[in-house]
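The residues making up each chain are set out below.
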Amino acid sequence: MLNERVLESLEQSRVLLVSQQIDLTKRLRELEKLMPKKRTAEDYSVFKQKRKKEGFVYCVRYYVNGKVLPTKFSLKTTDRAEAEERAAAWKDLFLANYGIQGRRGNAFYTLLSGYYTETSKYLLESLQTKRRLNKRLIKIYNSFINNYFIPFLKQEGITKIENLKPEKILKFSGRLREEKKLTAKTINDYVNGAVKQAIDFLFLKEKIQYNPFSQGVNTNIKPIKGEVKRRQIYPVNRLFDVLFEPGLWILGKTRNDLENPQEKQIRRKKYLLCLIAATTGLRAGEVFMLKKSSIEKIGGLYFLKIDNSRLDNSGVKTENAYRRVPLHNFVYKAINEYIEKMNITGDYLFFSGKRKTQNGTIFIEAYRQCGIHCGYTEEEIKENNVDFHSFRHFYRTILSQGGVSKELVAYFMGHAKNMNDMEDRYNNIEEVGNDISDIKLLADNAKKVIGILSEHFKNSFLRHIEEHDQQILYLTEKEVELTNAKGEKVKYWTYAIKGYENFIEFEPEKFIDDEPRRNKKE
């Protein structure tokens, strides 16, 4: 009996000791969790963080020299395996960002990130001088600075403008080409338009004491072989033949529609867009914003006054774009006929006043239809890199071939502010015409352009007339395919010039348009 009691007491003691040991172990583990762990530089911990939308998201904390950083970084995933991969892969980037953030902001980053915002006093001051940017481009540049350039600076550990060497800018451009598959021209346009312009102005205002773009190193990257496809233009005679006769610009549903087309089947707007662009060299935005009041008569000749190319009426692309361009009588009559046929009651020729953005689709459809009438397919037009901007190069080509000086061509195309020896007399477009010598000089130079256009229109007229009951210009009625605004291929019956003639390869001058060229619909 005694032995049984002893055994029972011993068993109870054993159970009690085991229970106490388990309880002590639990408490020690809880205390261990509260104590800082000694970690290596490679260590990190991944954990869940509550989120309202996703429920939770994995975050990471890193340990540097055995100490945990107070900042947690979101891994932007709810998958544990992916979170582990990102924690290791993104470590250097997170730590670089932490080092920058630990300084409670960076003055250089703040200047750059805020330069293209709506409240930027520096941008406002810049726009009040010579620089001209529309709201859309300002938004694009702001996104480029904050989403591409500043993150690159952080990754490279560049926290001061003095550390931004030209070689780093070239490295940034190279990374854009490699990762974003952008062309050299697009990259250079954005870097020079967004980054360089901002840094140049901040340096001018003495907000920064160093400018990496003025160190004698070319920061533009060169195109790689096969990257640049040279723009081409329609053959001169072929294009003038198509522009001479608006009756060709029919898109009928059947072949019979070509005999008696409905008014809506004659694409008068597209015809006039191409006619104006090819005979004046205007940019697409400048054509789109033309008004009836843009037409002026100076020295017995018609001119187009170019003073706006933006929906918000903020002006033209550059200071040099303010100009007067000669308007041939043939084009002047075509404009008046368009106004009458289309019943244009307002001042604008093409802009309805309702759109928030310029209608890029109409320009694409216009130059493609023009190419169809010239005898080409959409595929051939695309393969030869012809677009609406090609009309601008076409204008430069015919003037150069006609013997017009480069200086005069540059002025009428909006690339130069001076006309020959006029020096600064044409800086302000509102002053043109107030001085009799200015009027004479403008008219004399305009006559050279008008004379070249007249010769081309005369030759087209001769090709259109009938000789012995046979038309010299060989046309054909054919069924064609054109892509509409929805990207759908639509079949039409129309007129086209017979036979094939090679496109003309345009040899560009050193004229720089500061706004990146984009055709979103293509």
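The structure this text deals with has already been given above.
Right, let's walk through the structure included here. (Residues numbered from 1 in each chain as written. Predicted model: local features only at pLDDT ≥ 70, side-chain atom pairs only at ≥ 80, totals over all residues. Heavy atoms only, no water.)

## A look at the overall build of the chain
Broken down by element type, the chain carries 17 helices and 13 strands. Here the chain holds 522 residues, and the buried ones make up 43% of them. Intrachain contacts of the chain at a sequence separation of at least 6 include 65% that bridge at least 24 residues. Total accessible area on the chain is roughly 29,700 Å²; 49% of this is exposed by carbon and sulfur atoms. (Helix = DSSP H or I, 4+ residues; strand = E, 2+ residues; numbered from the N terminus. Buried < 20%, exposed > 50% of the residue type's maximum accessible area, 1.4 Å probe, protein only. Contact = heavy atoms within 4.5 Å. Areas by Shrake-Rupley, 256 points an atom, 1.4 Å probe, with all protein chains shown as cover.)

## Some words on helix H9 (residues 236–244)
With eight of nine residues buried, H9 lies mostly within the body of the structure. Within H9, the full set of buried residues consists of Val 236, Arg 238, Leu 239, Phe 240, Asp 241, Val 242, Leu 243 and Phe 244.

## Quick notes on helix H7 (residues 166–180)
For H7, which comprises 15 residues, the first-to-last C-alpha distance of 21 Å matches the rise-based estimate of 21 Å (1.5 Å per residue) to within 8%. Within H7, burial applies to Pro 166, Ile 169, Phe 172, Ser 173 and Leu 176. Seen along its axis, H7 keeps its buried residues to an arc of 115 degrees; they face one direction. Opposite the buried face of H7, by more than 90 degrees, sit the exposed residues Glu 178 and Glu 179. Turning to H7, the residues buried within the fold contact helix H6 (135–155) and helix H8 (184–204). (Expected span 1.5 Å × (residues − 1). Arc of directions from axis to C-beta.)

## Some thoughts on the sheet that holds strand E7 (residues 301–306)
Taking strand neighbours across the sheet as the criterion, the three strands line up as E6-E7-E8 in an open arrangement whose pairing is antiparallel. Of all the strands in the sheet, the pair left with one neighbour each is strand E6 (295–298) and strand E8 (323–327). Taken over all neighbouring pairs, the strand axes of this sheet differ in orientation by 40 degrees on average, direction set aside. Judged from the five bridges that link them, E7 and E8 form a sheet pairing that is antiparallel. (Pairing = 2+ DSSP bridges. Axes fitted to C-alpha atoms, helices over the stretch in contact; angles between N-to-C directions.)

## Remarks on the nonpolar core
Core analysis: the biggest nonpolar cluster contains 82 residues, and Tyr 234, Leu 239, Ile 276, Phe 350, Cys 370 and Phe 391 have the highest contact counts within it. Those residues in contact with Ile 276 that sit more than four places away from it in its chain are Gly 281, Val 287, Leu 290, Leu 304, Val 331, Ile 335 and Phe 350. Core analysis: the second largest hydrophobic core is formed by 38 residues, Phe 144, Leu 164, Ile 199 and Tyr 210 among them. (Core = buried A, V, L, I, M, F, W, Y, C linked by side-chain atoms within 4.5 Å.)

## Describing the pattern of salt bridges
Taken as a whole and assessed by the stated rule, the structure comprises 23 salt bridges. Across the pair Glu 286 and Arg 283 runs a salt bridge, and its minimum N-O distance is 3.0 Å. Its relative accessible area of 1% is what places Glu 286 among the buried residues. For Arg 283, a relative accessible area of 8% gives the class buried. The network of salt bridges with common partners includes Glu 156, Lys 168, Lys 171 and Arg 175. (Salt bridge = Lys/Arg side-chain N within 4 Å of Asp/Glu carboxyl O.)

## Comments concerning the packing of H7 against H8
In contact at an axis separation of 10 Å, H7 and H8 are set at 135 degrees when each is read in the N-to-C sense. Considered as vectors, H7 and H8 are oriented oblique to each other. In this structure, H7 meets H8 at a crossing whose hand is right-handed. Along its contact with H7, which presents Ile 169, Phe 172, Ser 173, Leu 176 and Arg 177, the element H8 presents Ala 184, Ile 187 and Val 191. Of the residues contributing to the contact of H7 with H8, the split by class is six nonpolar, one polar and one charged. (Parallel < 35°, antiparallel > 145°, perpendicular 65-115°, else oblique. Left-handed = near helix turned anticlockwise from the far one by under 90°. Nonpolar A, V, L, I, M, F, W, Y, C, P; charged D, E, K, R; others polar.)

## Looking at the pairing of E8
Most of E8 sits out of view: five of its five residues are buried. Burial along E8 is two-sided: Arg 323, Val 325 and Leu 327 facing one way and Arg 324 and Pro 326 facing the other are all buried.

## Section: a nonpolar patch on the surface
Together, Phe 461, Leu 462 and Ile 465 make up a nonpolar patch on the protein surface, roughly 250 Å² of accessible area in all. As for its placement among the helices and strands, Ile 465 is situated in the loop between helix H17 (436–464) and strand E9 (466–467). The partly exposed category is assigned to Ile 465, whose relative accessible area is 30%. (Patch = residues over 30% accessible without salt bridge, like charges linked within 9 Å, V, L, I, M, F, W, Y side chains within 5 Å.)

## Side note on the packing of H9 against helix H15 (residues 390–401)
At a minimum axis separation of 12 Å, H9 and H15 run at an interaxial angle of 115 degrees. For H9 against H15, the interelement crossing comes out left-handed. Contacts from Val 236, Leu 239 and Phe 240 of H9 reach H15 at Phe 391, Phe 394, Ile 398 and Gln 401. Class assignment for the residues of the contact of H9 with H15 results in six nonpolar, one polar and no charged.

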